[in-house]
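Breakdown of the fold
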Amino acid sequence: MSGSSIERYTLAAEEYNGADMAWVIVATVFCWAIIPGVGFLYSGYTNRQNALAPVWTSFMTLAVGSVSWMTFGYSLTYGEGNAFIGDAQYLGHKDVLEVASGTIPALLFSMFQLTFSVATIAIFMGGAAERARLAPLIPLVFFWPLLVYSPIAHWTWTSGGWLATLGAYDFAGGSPVHVASGAASMAMSMYLSKPLFRSRKSSSRALKVLVDHRPHNLMQLCLAGILIWNGWLAFDGCSTLALNLRSAVAMTTTQMSGSMGAITWSAWEYYKTGKWSIAAVISGAIAGLVAITPGCGYVGLPAALLFGFVGGSVCFWTSKFKFTRMAKKIGWVDPCDVTGAHWAGGVAGNLMTGIFAQASIAATDGATEIPGGWLDGHFVQLGYQLADTVAATAYAFVITYCLVALIDCVPGLEMLATDESIVAGIDAADMDESFYEAQWASDKGWPKSEGDDLERHSSGSGYSPNSEKEGHTSSAVQPVASP
């Protein structure tokens, strides 16, 4: 190590605050658990033939997404660049050790932000559930954050980003995390329903074997709920990057919104079915957590309860769309409610932030000055939030659709699984592993071919043709017409 490097490290260290560093380190550990938590969440939502694949995907996302972030993603997000994308300033984490980010090392800031990037990919991967082959997901996981997440995060969180310059508020990831992942999941789902390239040319990919079903494993949903809700408190609370009153505000508003979301979704579920549901509690909590994410450091506690109510309501009813003829017509299949929860909740949260953001709440960190939202008489803020939401939605959808289509052009990387693999389950077809070994070893209750077998043995998988009427609309896959 050269003397000049030691000197730069020493100068940077003078700016560090030990308490802030400890706070960010601990929060990063909690945020990390969200990523496998999403895998277990999707595993619970899917059927038993596909229960292991989402968990594999979440851990592979952790591995591949981390390499993508450390080599290129951090620089494209936080490099100086221009209003739309960062530059090669920190490519391969060059010089990151030698600079500070506020009162913490830039390296620690990067590690914390890595969990945001990788969690976003993990959420987006819900669009692949039950239908996508695993091999093409690996390059998708590497390149998607570089082309989608990093640009939107750069727009939002760097001083020169165009959304930041415009004046849009996004405390912890309404657009870069939730709107982007939800729109991307919709794009991937629609491509898998009506592929354009190699998947379309295969007669074995007619997509006539999908059925509605209920979540197959409520214990996994509960485990996921613990990991995700727990991590979300750190995710939002530590977005201050410092240990101060605003951290406590963000954590508290997050807790209140998640709680109200759980109550609201459960109430709607009971209204429709007359039954209480643990899946409704988990789905509602996530809806409330998503909704508060952009505003958790800008709004007060009464507003946080309203965020949870609106988020829980909007996401509950948006999740119903997948049962409609229109959804079938456009090919929207959302078994894990990614678009229903993350896109719809992110949109609601972004817009509500424009109404309820308050300068007095933002100032609780002792440094931030904003004009506020409608409550402070700053009525144009809602327009900024709308522009933010529309831009993130359109960009994420279009780029994701194009990237998935491009990967589908590569021999051996066809995105859509064959009908035979979909019937057998991605666990058996692509992994030859399962949480339920009897699935292919000796269990005769699983279909070995198409249509009639799947219908006849559906009772063993938790499927019911009246699944919507029975009350679980938090997860369903519906028949999709041949492309």
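What you see is a predicted model, and the numbers here were worked out from it, not measured in a lab. (Residues numbered from 1 in each chain as written. Predicted model: local features only at pLDDT ≥ 70, side-chain atom pairs only at ≥ 80, totals over all residues. Heavy atoms only, no water.)

**Some remarks on a nonpolar patch on the surface**
- Taken together, the side chains of M256, L301 and L305 present a nonpolar region at the surface, about 220 Å² in accessible area.
- Tracing the sequence through the fold places L305 in helix α12 (residues 301-318). (Patch = residues over 30% accessible without salt bridge, like charges linked within 9 Å, V, L, I, M, F, W, Y side chains within 5 Å. Areas by Shrake-Rupley, 256 points an atom, 1.4 Å probe, with all protein chains shown as cover. Salt bridge = Lys/Arg side-chain N within 4 Å of Asp/Glu carboxyl O. Helix = DSSP H or I, 4+ residues; strand = E, 2+ residues; numbered from the N terminus.)

**Section: unusual backbone geometry**
- The residue D337 is not glycine, and still its phi comes out positive at about 55 degrees.
- Tracing the backbone through its elements, the reader meets D337 in the loop between α13 (325-330) and α14 (338-356).
- We classify D337 as buried; its relative accessible area is 4%.
- The phi angle at D432 is positive, at roughly 60 degrees, despite the residue not being glycine.
- Structurally, the position occupied by D432 is in the loop between α18 (426-431) and α19 (438-441). (Buried < 20%, exposed > 50% of the residue type's maximum accessible area, 1.4 Å probe, protein only.)

**Examining the packing of helix α2 (residues 18-32) against helix α3 (residues 34-45)**
- Packing of α2 against α3 brings their axes to within 5 Å, and their N-to-C directions diverge by 15 degrees. Here α2 lies roughly parallel to α3, going by the angle between them. Counting all contacts with α2, which are made through F30, C31 and W32, the residues of α3 involved are I34, I35 and P36.
- Looking at side-chain class alone, the contact of α2 with α3 contains six nonpolar, no polar and no charged residues. (Axes fitted to C-alpha atoms, helices over the stretch in contact; angles between N-to-C directions. Parallel < 35°, antiparallel > 145°, perpendicular 65-115°, else oblique. Contact = heavy atoms within 4.5 Å. Nonpolar A, V, L, I, M, F, W, Y, C, P; charged D, E, K, R; others polar.)

**Regarding α2**
- An ideal rise of 1.5 Å per residue puts 21 Å on 15 residues; α2 measures up with 21 Å between its terminal C-alpha atoms.
- Within the sequence span of α2, burial applies to D20, W23, V24, A27, T28 and C31. Burial along α2 is one-sided: seen end-on, the buried residues are contained in an arc of 135 degrees. When the buried face of α2 is taken as reference, the exposed residues oriented beyond 90 degrees from it are G18 and V29.
- In this structure, the buried side of α2 is in contact with α3, β2 (104-105), α5 (106-124), α9 (218-237) and α10 (245-273).
- The N-cap of α2, judged by a side-chain oxygen 3.0 Å from the amide nitrogen of A19 a few residues on, is N17. (Expected span 1.5 Å × (residues − 1). Arc of directions from axis to C-beta. Polar contact = N/O pair within 3.5 Å; in protein donor to acceptor, adjacent residues only side chain to side chain.)

**Re the layout of surface pockets**
- By volume, the largest pocket amounts to about 1000 Å³.
- As for the largest pocket, its lining consists of 38 residues, of which F109, W157, T158, S239 and L241 are closest to the centre.
- When residues of the lining of the largest pocket are traced back to their parent elements, those giving at least two are α4 (52-78), β1 (100-101), α5 and α6 (137-157).
- It is α5 that provides the largest number of residues to the lining of the largest pocket, a total of five residues. (1 Å grid on protein atoms, 1.4 Å probe; cavity = no way out; pocket = protein on both sides within 12 Å on 5 of 7 lines; lining within 4 Å. Points joined across faces, edges and corners; volume = space filled by probe spheres on them.)

**Section: the pattern of salt bridges**
- Here the structure, examined in full by the defined rule, presents three salt bridges.
- A salt bridge links R246 to D365, with the nearest nitrogen and oxygen atoms 3.1 Å apart. Placement of R246 in helix α10 and of D365 in the loop between α15 (359-362) and α16 (381-408) is noted, with a sequence separation of 119 residues between them.
- Overall, R246 belongs to the buried group, its relative accessible area being 4%.
- Residue classification places D365 among the partly exposed residues on the basis of a relative accessible area of 22%.

**Quick word on the side chain of S421**
- With respect to the helices and strands, S421 occurs in helix α17 (residues 419-424).
- Under the relative-accessibility criterion, S421 is labelled buried at 17%.
- Residues in contact with S421, not counting those within four places in the same chain, are I426 and A429.

**Description of the environment of G295**
- Relative to the elements of secondary structure, G295 occurs in the loop between α11 (278-292) and α12.
- On the accessibility criterion, G295 (0% relative accessible area) is buried.
- Placed 45 residues apart in sequence, G295 and A250 show a C-alpha to C-alpha distance of 8.4 Å.

**So, the packing of aromatic side chains**
- All told, the structure shown has 29 aromatic pairs when counted by the stated rule.
- Between W69 and Y74, the ring centres sit 5.8 Å apart and the planes meet at 75 degrees, which makes this aromatic pair edge-to-face.
- Given the relative accessible area of 4%, Y74 is considered buried.
- With 4.4 Å between their ring centres and 20 degrees between their planes, Y270 and W276 make a pair best called stacked.
- Taking the relative accessible area as the measure of exposure, W276 reaches 64% and is therefore exposed.
- Seen from the ring of Y298, R246 lies directly overhead, with NZ or CZ sitting 5.0 Å from the centre. (Phe/Tyr/Trp six-rings, centres within 6.5 Å; stacked < 30°, edge-to-face > 60°. Lys NZ or Arg CZ within 6 Å of the ring centre and 35° of its normal.)

**Considerations on the environment of E414**
- Relative to the helices and strands, E414 resides in the loop between α16 and α17.
- When its relative accessible area of 11% is taken as the criterion, E414 is described as buried.
- As a C-alpha pair, E414 and A132 span 282 residues in sequence and 8.6 Å in three-dimensional space.
- Among the polar contacts listed, one links the side chain of E414 to the backbone nitrogen of G412, at a separation of 3.3 Å.

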